[in-house]
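# Inside the fold
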Amino acid sequence: MDNIQKLLGDEWVKREVLCAEPRHPLGRWHRKSPDNPIARYTEELLGFILNGGLKCDLGRLATKLSGEFVETLVEIGYAVFLAKQGFDVRMEPTAPKSGPDLLAVRENEYYIEIRKVGLDEAREEADLATSDIFKRLCSKPSRYALLISATKEYAAHFRQLKQAVKTVAAALEDLTKRHMQKATLYYFGPGDYLLCEGDEKQPEFDYTDGKKLAAQLQRFEKLKGARFVCRFEDTGNENSQTWVAVQPLGEDPHLVKPDETHQRLKDILWKKSKEQLPKASRGIVLLEITDLQKLMVDEETIMRAVYGDLLLVVKKAGGEEEFDTDLNRKPNGFFQKTTRVSAVVAEVAKIDGAYCVHRPSNQTPRKLVCWGGRGENIDRSRLR
């Protein structure tokens, strides 16, 4: 950790990395393994910077790494990449005024703004709750597969979620002892739940007995209004863990809604270009979209954001029943309304023994992860 200590200081490393309960990402990774991929990657980048590979305020860089580590790691990763491509790179070129993250020069000047795109607030909350449920239930060996449906009030680390999951664990143990094939748990609050054994069926109401019918309707409405439901099904095998799936519960939970990630990316691009990039200059926006892989964001999502929605146009051809089809773009993409940005770059990071960043290169000409204003795939090593 020589370069990390050189930049951040021995005292900082002892306090934030080598302590018993570290909170900084470098410390948490070090607790897992002193020879971890994040520390190695950070060491490599800082070694390049400290040896004069690019221009930056080292004091400012140390402050950012100690407070905004993940975002700063993305920034210096791209800066070092460009410097190794032969660009003269300067970090925060307009400091202390606000402005772009990088200036890269090689014959022409390119101002670069970088944004790590995480999940939106609602999805992040749901993702945290799902992770919390998995952590609490998946480690238990059992024969069952669980499908949990819950509203957003059962958020991660909230008391409601802990109490509900505790009830699920108790029901799982009870069903295992009694060898029950299927069951559904309707949870309403601490000590208030119903465990219905067997398949879920439409209730058969007794219209001959008013009192009984009222009780049946009351029970039906209560089950229908449950905000945390867990369905148990015996898989037929003894498994080393409990299989758990989680889905949202609320108004029309099964209604498929169009994904709006492309619109969110477009909004981010607009904000970055208008607020951070200088006018009358060559601008580049880098989007780090690793977290969006959970949403299966692909090339088409980015294309839709930068070039517009895809339209299928059907035209009548020569004969009565002959038609031609054409694929066009609506003029509602990011590039249709700006000249301040020359390219949008998307990158994805992966940890597999080492910290790897997937970026466009000559080896992957067909993987469109860098888009230019005229629609061409851009190789950043040829930016002049």
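Within each chain, residues carry numbers counting from 1 in the order of the written sequence. Where local features are concerned, this predicted model is filtered to residues with pLDDT of at least 70; where side-chain atom pairs are given and counted, the filter is 80 or more; whole-chain, interface and lining totals use all residues. Note that water and hydrogens are dropped before the side-chain values are worked out from all heavy atoms of the structure.

### Details of unusual backbone geometry
Across the junction of A95 and P96, the peptide omega takes the value 10°, indicating a cis bond. A run of DSSP states H or I qualifies as a helix once it reaches four residues; a run of E qualifies as a strand once it reaches two. Both are numbered from the N-terminal end. You can see P96 is positioned in the loop between strand 1 (88-91) and strand 2 (102-106). Here the phi dihedral of H179 falls at roughly 55°; this positive angle occurs in a residue that is not glycine. Tracing the backbone through its elements, the reader meets H179 in the loop between helix 8 (159-177) and strand 5 (182-189).

### With respect to the nonpolar core
Residues I76, Y78 and V89 are the most contacted members of the largest nonpolar core, which totals 41 residues. The greatest single-element share of this core, amounting to 10 residues, is contributed by helix 6 (residues 69-84). Note on contacts: a residue pair is in contact if any heavy atoms of the two residues lie within 4.5 Å. In contact with I76, not counting residues within four places along its chain, are L45, L46, I49, L61, L65 and M91. Residues belong to one nonpolar core when they are buried, are Ala, Val, Leu, Ile, Met, Phe, Trp, Tyr or Cys, and are joined through side-chain atoms within 4.5 Å. In this scheme, a residue with accessible area under 20% of its type's maximum is buried, one over 50% is exposed, and one in between is partly exposed, where area comes from a 1.4 Å probe on protein chains only. The next biggest cluster of nonpolar side chains, apart from the first, holds 24 residues, and it includes C138, A150, M180 and F232.

### Digging into the pairing of strand 9 (residues 282-288)
With six of seven residues buried, strand 9 lies mostly within the body of the structure. With seven bridges connecting them, strand 3 (residues 108-116) and strand 9 associate as parallel partners. Paired with K116 across the two strands is E288, which belongs to strand 9. In this structure, strand 9 lies alongside strand 12 (residues 341-351), joined through six bridges in parallel fashion. Residue pairing for strand 12: I284 is matched across the bridge by A343. In this analysis, strands are considered paired if DSSP registers two or more bridges between them.

### A few points about the confidence of the model for the protein chain
In this model, the protein chain carries a mean pLDDT of 83, and residues with pLDDT of at least 70 account for 86%. As a per-residue measure, pLDDT tells how confident the predictor is, with possible values from 0 to 100. Across the protein chain, element-level confidence peaks in helix 4 (residues 37-50) with a mean pLDDT of 96 and bottoms out in strand 14 (residues 370-372) with 53. A low-confidence stretch, residues 361-369 stays under pLDDT 50, and its non-local contacts, those more than four residues away or across chains, total 16 contacts. Note on residues 374-384: pLDDT is under 50 here. Beyond four places in sequence and across chains, it has 38 contacts.

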